[in-house]
Amino acid sequence: MSGTSGTYLGMPAFPVAARDAVRDETLRGNLRHATHTIREKRAKAVAELDDWERLRAAGRDVKERTLRHLDHYLVQLEEAVTAAGGTVHWAADAGEANRIVTGLVQRTGQSEVVKVKSMATQEIGLNEALEAAGVRAYETDLAELIVQLGDDRPSHILVPAIHRNRGEIRDIFVERMGSWGRAAPAGLGDDPAELAEAARVHLREKFLRAKVGISGANFMVAETGTLVVVESEGNGRMCLTLPETLISVVGIEKVVPTWQDLEVFLQTLPRSSTAERMNPYTSMWTGTTDSDGPRTFHLVLLDNGRTDTLADEVGRRALRCIRCSACLNVCPVYERAGGHAYGSVYPGPIGAILSPQLRGTGSEVDASLPYASSLCGACYDVCPVAIDIPEVLVHLRERVVQGGEVTRNGERVTIKPAKGHRGERAVMRAARWALDHPGALRAGQRLASRTRRVHPKRLPGPGRAWSDTRALPEVPEESFRDWWQRTRGGDR
Amino acid sequence: MSGGRERVLARVRRALADVPRDERPRDVRVERGYRRVHGDRTTVQTVDLLAENLADYRALVHRVDASGLPRLLKRLLAAHGSRSVLVPPGLPPGWLAATDPALALVPDREADTAYELDTVDSVVTGCAVAIAETGTIVLDGGPDQGRRRITLVPDHHLCVVRVPEQVVGSVPQALGRLVPGRPQTWISGPSATSDIELNRVEGVHGPRTLEVILVDGGTDV
Ligand code: SF4
C-alpha cells in the first residue's frame, strides 16, 4: 500500500466527509448519472465550435487583464453604475456585506425578499443574516428551493440538488411547501414536469408580491456598468425585473473590462455549464431604467478573501473562474465524494483551490482541500478560462506543508508549516480511503505525460524529508487509469 | 461605506505589488483569434439555421411573408385559446388587425401590477436582433417590445423577427449591434429546468410557450 498511496496525497478532513458520502448509495447513483450526462453533452456542445481553444485562450487573457488591473476596472465600474442610476457599496468581508444588505432591506420596510441563486450570497451566509434581522429570504431557483425546503446544503454549483432524486424531491415538497407558502397540490406525483409545475405555482405568489430582489451576477462590464445574469428557469428574470428594489451582491473578480469581452464568455459559459448553445435566459441591466424594472439598484462589491487570493501570484488564477462547473463533472474524486465533502459552497476542483485561499488554510478542512484531488488534470482540460487547477493545487499543498508568507484579511502573515507527522497522517488516511474506493480514481483519466508533470516526485520543503523516505512513486507513462488497474485494481 | 471602498481598493493595490507600475491594462495582451462567426453561410442559410436552432430548443417556429402576418397571429392566438394579449406601445398596429374582436388588447402600462399582468394570456412583440448560431432572440425594450416584465409574466410569448435584416450569425455580431445601456433579455427557447435528475422540463417561470415568427419582406403593414 505504501507504494501507491503517495500519488493520492492526503486529506485530513475531506476523507472523513467523503467516506460517508461514498457509503450513501443514492447520492452516488445520482451523482454518477448527473456528472456523466452533463459531461457527454458538454463535449458535444463544445465540439460545435472549431475555435474553442481560441475562445478559451481569450477568456483566460481577458480575465488576466482584469485581475492585473482590478483596481482600475472596479473604479471604472463604480463610475459607470453610478452614472446609470445605481448605488455602489464595498464590503471587505462577509459581515460587512451582510450588514449593508440587511440595512438596505430594512430601509425598504419589507420583511421578505426573493433571491435568485447566487454563490456569493451563500458564501457570506446572507440568508441567515437576514433571518436574524427578521427578514425571510426565499430562494427561487428550483434546485435552491429543494435545498432550502429540505433544510439542506447545495452540493453542486450548477445543479445544487443533484444529490436528490425525484422521490425525495416529491417528499420534500409535500412535507415542507406548506410551511413556506402555498402547499404542494394534493396527490403530487414524482414526475419531473409535475414537480416543476408545483414549484411554479408555489413561487409565483412570491414573485408577484415581491418588493425586494437579491441577486448575484455572472459578469459586470466595467466600461458600461452593465450586469449580466445567465439562467434557465426565469426565476432570475422575475427577481431582476418585478421588485421595486434590486440588490446585487457580486464578488469583485466578476468584472470584465468591455462590452465586447462578453462575446467570449457568452459563448463559453453556456456550453461549458449546461452544455447548451445558449441558456434559455440572459438578463443584462445597466443601473436603472425609467419605468422598466426596479427603481432602485444597489450593487454590493464583495471582497471576502478575494484580495488575499489575488495577492498570491500563482493562486490568483482561481479568480478567473466563471463558475461553469465543468470541472466538477469530470472530476473522479467529486463523482465519488459528492459536493458536501468539500465543506464549502464551492465544491469540486475549483473549490479545492478557491476555498483554502478565500478562507485560509487555518482549519483542518481547508488545509485538506488541496489534497482532495488525484491531479489527473481533467479539470484543467475542460476549464473555459484555462485555470491550471493541478498546478494551483500543488502550489497550495506546498504552502500547507511548507508554510510561508500569505495574505490574510489584507495583512501579510507567515503561516507555520503543517507538522510533518500531521501531514503524513493525513496522507495515510487519505490513501486508505482511496484504496478502499478504487472507483474514485477510475473515470476520465488523462494520459500520464501531463499528469507526470504535475505529480510532485517529492513533497516540497519540509514535506520533502518524509516524502524522500517514502519514495512517492513515479507515475508511469501509461494512463492513470490503466496504471491504477494494473497496480491496485488487480487486487480486487 | 466609503471606509469599505478605500479598504478594498487598498487591498487590491497591495495584492498587485508584482504588477509593474507602468503597466497599463492594454499592455496585457488579449489574443482575439476566435471567429466572428462560425461557418460560411448565405443570408438564406443563416435564417434557416436560426429556425433550426430555435426549434431545437423547443420554440415553435413559423415562417410567413409580411402580408400573411396578421392572419397568422390571429390563428396562433386563437389556437392558444387566448382571450387577452399584451401589446407594446410601438407594435405596428397592423399586426393585430385581423384578430378576433373579442380578444382584449392590453396596453403595456407602467401602472399595472404584476398581478394584473398575470391575468393576461399572451404577449406579442418584435425583437432587437436574433442570433442564428445559438437560436436566440434578443429584446432590448424597444417600442415594439415593451417593458421586460410583459414578456415574462404571461404564459405565451409570440415574437416576430423581421428576416433577414434582424438576423445575425453569431454572438459577437449580435453584441456589436446592441446598445449596452438598454435593458436586455436574451431568450433561447422557453424557460427550462434540469434540476430534477437532469430531466429537461420546459416552462418553469417564464412563458411556457414561445412562438417565434420569422417574417419575410417588410412588416410595416
Ligand atoms: S474552474 Fe474553470 S471549469 Fe471549474 S467552474 Fe471555474 S471556470 Fe468552470
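Residues numbered from 1 in each chain as written. Chains lettered and ligands numbered in written order. Predicted model: local features only at pLDDT ≥ 70, side-chain atom pairs only at ≥ 80, totals over all residues. Heavy atoms only, no water.

Overview of the nonpolar core
Counting 101 residues, the largest nonpolar core has Leu74, Leu262, Leu299, Leu301 and Ile353 of chain A together with Trp186 of chain B as its most contacted members. Counting contributing residues per domain, this core is built from domain 1 (1-48 + 316-436) and domain 2 (53-58 + 65-302) of chain A, each supplying no fewer than three. Excluding residues within four positions of it along the chain, leucine 74 of chain A makes contact with Trp90, Ile252, Val255 and Leu301 of chain A together with Leu9 and Val12 of chain B. If you look at the next biggest cluster of nonpolar residues, it comprises 37 residues, including Tyr138, Phe173 and Leu195 of chain A together with Leu86 of chain B. (Core = buried A, V, L, I, M, F, W, Y, C linked by side-chain atoms within 4.5 Å. Buried < 20%, exposed > 50% of the residue type's maximum accessible area, 1.4 Å probe, protein only. Domains from an automatic or database assignment. Contact = heavy atoms within 4.5 Å.)

Re the site of the ligand
All names here are of chain A. Taken together, Cys321, Ile322, Arg323, Cys324, Ser325, Cys327, Ile350, Cys383, Pro384, Val385, Ile387 and Ile389 form the complete shell of residues around the ligand. Cavity membership is defined here by more than half of the atoms lying within 2 Å of grid points; on that basis the ligand lies in the second largest cavity. Looking at the shell around the ligand residue by residue, the class counts come to 10 nonpolar, one polar and one charged. (Near = heavy atom within 4 Å. 1 Å grid on protein atoms, 1.4 Å probe; cavity = no way out; pocket = protein on both sides within 12 Å on 5 of 7 lines; lining within 4 Å. Sits in = over half its atoms within 2 Å of the grid points. Nonpolar A, V, L, I, M, F, W, Y, C, P; charged D, E, K, R; others polar.)

Quick look at the packing of helix α4 (residues 52-68) of chain A against helix α13 (residues 262-273) of chain A
Residue and element names in this part refer to chain A. Where α4 meets α13, the axes come as close as 10 Å, and the angle between the chain directions of the two elements is 115°. In this view, α4 runs roughly perpendicular relative to α13, as classed from their interaxial angle. Here α4 runs over α13; the crossing is left-handed. Together, Trp52, Leu55, Ala58, Gly59, Val62 and Lys63 of α4 and Val264, Phe265, Gln267, Thr268, Arg271 and Ser272 of α13 make up the contact between the two elements. The residue inventory of the contact of α4 with α13, partitioned by class, reads six nonpolar, four polar and two charged. (Axes fitted to C-alpha atoms, helices over the stretch in contact; angles between N-to-C directions. Helix = DSSP H or I, 4+ residues; strand = E, 2+ residues; numbered from the N terminus. Parallel < 35°, antiparallel > 145°, perpendicular 65-115°, else oblique. Left-handed = near helix turned anticlockwise from the far one by under 90°.)

Re the environment of valine 28 of chain B
Along the polypeptide, valine 28 of chain B turns up in the loop between α1 (2-15) and α2 (43-56). According to the relative accessible area criterion, valine 28 of chain B is buried, its value standing at 11%. With residues near it in sequence (within four places) discarded, valine 28 of chain B still touches Glu64, Arg65, Arg68 and His69 of chain A together with Glu23 of chain B.

A closer look at the pairing of strand β10 (residues 296-302) of chain A
All names here are of chain A. Most of β10 is tucked away, with six of its seven residues classed as buried. Bridge analysis of strand β1 (residues 87-91) against β10 gives five bridges, and the strand direction is parallel. Its bridge partner lying in β10, histidine 89 is registered against valine 300. (Pairing = 2+ DSSP bridges.)

A word on empty space enclosed by the protein
All names here are of chain A. Summed over all chains, the structure comprises eight cavities of 30 Å³ or more. The volume enclosed by the largest cavity comes to roughly 110 Å³. Lining the largest cavity we find 19 residues, and of these Cys331, Pro349, Ser373, Cys376 and Cys379 sit closest to its centre. No other element matches helix α17 (residues 348-359), which puts three residues into the lining of the largest cavity. Grouping the constituent residues of the lining of the largest cavity by class yields 15 nonpolar, four polar and no charged. Counted as a void, the second largest cavity has a volume near 90 Å³. The residue makeup of the lining of the second largest cavity, split by class, is 10 nonpolar, one polar and one charged. (Points joined across faces, edges and corners; volume = space filled by probe spheres on them.)

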